[in-house]
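Remarks on the overall topology
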Amino acid sequence: MAKIITIVNQKGGVGKTTTTVNLAAALAVLEKRTLLIDFDPQGNASSGVGIDKDNVEYQVYDALIGRVAIADAILPTNTEGLFCVPGNINLTGAEIELVHEFAREHKLKEALEPILKDWDYIIIDCPPSLGLLTVNAMTASSDLIVPIQCEYYALEGVSQLLTTIRLIQKNLNPSLNIMGIVLTMFDKRVNLSMQVAKEVHRYFKEKVFRSVIPRNIKLTEAPSFGKPIFLYDIRSPGAMSYLNLANEVLERSK
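Residues numbered from 1 in each chain as written. Predicted model: local features only at pLDDT ≥ 70, side-chain atom pairs only at ≥ 80, totals over all residues. Heavy atoms only, no water.

Thoughts on the sheet that holds strand 6 (residues 143–149)
Read across the open sheet, the seven strands follow the order 3-4-2-5-1-6-7; overall the sheet is mixed. Because the sheet does not close on itself, it has two edges, and the strands there are strand 3 (75–76) and strand 7 (177–184). Relative to strand 5 (residues 121–125), strand 1 (residues 3–7) is paired through five bridges, and the arrangement is parallel. Counterpart to I5 in the pairing with strand 5 is I123. (Pairing = 2+ DSSP bridges. Helix = DSSP H or I, 4+ residues; strand = E, 2+ residues; numbered from the N terminus.)

Let's talk about the packing of helix 1 (residues 16–29) against helix 11 (residues 237–253)
Viewed as axis vectors pointing N to C, helix 1 and helix 11 meet at an angle of 70°, and their least axial separation amounts to 8 Å. Judged on the interaxial angle alone, helix 11 and helix 1 are roughly perpendicular. The residues of helix 11 that touch helix 1, namely those facing T18, T19, N22, L23, A26, L27 and V29, are Y242, L243, L245, A246, V249 and L250. Of the residues assigned to the contact of helix 1 with helix 11, the class counts are ten nonpolar, three polar and no charged. (Axes fitted to C-alpha atoms, helices over the stretch in contact; angles between N-to-C directions. Parallel < 35°, antiparallel > 145°, perpendicular 65-115°, else oblique. Contact = heavy atoms within 4.5 Å. Nonpolar A, V, L, I, M, F, W, Y, C, P; charged D, E, K, R; others polar.)

Overview of the environment of C126
Locating C126 in the fold gives a position in the loop between strand 5 and helix 6 (132–140). C126 sits in the buried class, given a relative accessible area of 0%. Residues C126 and I37, 89 residues apart in the sequence, show an inter-C-alpha distance of 8.9 Å. Sequence-distant contacts of C126, defined by excluding residues within four places in its chain, comprise T6, I7, K16, D40, T134 and A137. (Buried < 20%, exposed > 50% of the residue type's maximum accessible area, 1.4 Å probe, protein only.)

A short note on the nonpolar core
Side chains of a nonpolar character, in soluble globular proteins, are inclined to be buried together. Among the nonpolar cores identified, the biggest contains 32 residues, and I5, L23, L36, I145 and V249 are the most heavily contacted of them. Elements supplying a minimum of two residues to this core: strand 1, helix 1, strand 4 (82–85), strand 5, strand 7, helix 10 (229–232) and helix 11. Among the elements that make up this core, the one with the highest residue count is helix 1 (seven residues). When neighbours within four sequence positions are excluded, L23 is seen to be in contact with I7, I145, Y242, L245, A246 and V249. (Core = buried A, V, L, I, M, F, W, Y, C linked by side-chain atoms within 4.5 Å.)

Quick notes on the pattern of salt bridges
Counted according to the given criterion, the structure contains eleven salt bridges. Ionic pairing is found between R104 and E105, a salt bridge with its closest N-O pair at 4.0 Å. With its nearest N and O atoms 2.8 Å apart, the salt bridge here joins E199 to R202. Of this pair, E199 and R202 both sit in helix 8 (residues 191–204), three residues apart, roughly one helical turn. Taken together, the shared-partner salt bridges connect R210, E248, E251 and R252 into one network. (Salt bridge = Lys/Arg side-chain N within 4 Å of Asp/Glu carboxyl O.)

Examining unusual backbone geometry
Despite not being glycine, Y153 shows a phi value in the positive range, around 60°. Topologically, Y153 is positioned in the loop between strand 6 and helix 7 (158–171).

Let's talk about the environment of A28
Checked against the element boundaries, A28 lands in helix 1. As a C-alpha pair, A28 and I65 span 37 residues in sequence and 29 Å in three-dimensional space.

Some points on the packing of aromatic side chains
Tallying each qualifying case throughout the model produces four aromatic pairs. With a centroid separation of 5.5 Å and an interplanar angle of 65°, the aromatic rings of F83 and W119 are classed as edge-to-face. Residue F83 is found in strand 4, and its partner W119 is found in the loop between helix 5 (107–112) and strand 5; the two are separated by 36 residues along the sequence. Between R33 and the ring centre of W119, over which it is positioned, the NZ or CZ distance is 4.4 Å. Sitting above the plane of the F209 ring, R252 keeps its charged end 4.2 Å from the centroid. (Phe/Tyr/Trp six-rings, centres within 6.5 Å; stacked < 30°, edge-to-face > 60°. Lys NZ or Arg CZ within 6 Å of the ring centre and 35° of its normal.)

Below, the structure written as structure tokens:
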């Protein structure tokens, strides 16, 4: 049965999609059958694994509104063992279309149920908001990973996110677990990175992953080539960091 992990932070620019793509790819490298779901209307996770999100027959929106089974929207990627359900701007309409639907927060969960036995991990990329799409993703998930960037205002909005998570645990998904907090854009040469890391550890304690994602030019370049970091530069510090993170995810999944 698949473990469903949503990468969530309503703050933009924290390395959320980079983490989604490269964690999913790292799990595939570690021989776990992995499905990436691009649940962000920007569709950057789809592009990041080499899929032309605007030229696909079906995408996650079609499964969400019940037009097709989600299995029909699954596409292979250029990483062995990693598959993707693409997303694009059509998802923007889903928030409006689902407003009056019964059990609208459970639509993604219902769509995923028929394929759960086919995967080891399902990794979901969310939009940078706490709207209906993000609520659907969290309702469908067993676990959450929250990326926090090592920059000014790193913890801004985290209390709002935690409040939303608690509401979902109380009302929609009692078994939802925060698997961990991952520090991104870390630069050990900069005092601010050290200060932010210290603050995040003080706030979240053992929930913080040991693996830290560095500020790394190769991680920035890889999406423009439609490749996860392992296909772009497997020897880079970014690749090693995401491989370490994936191993920690496997540990915490036991």
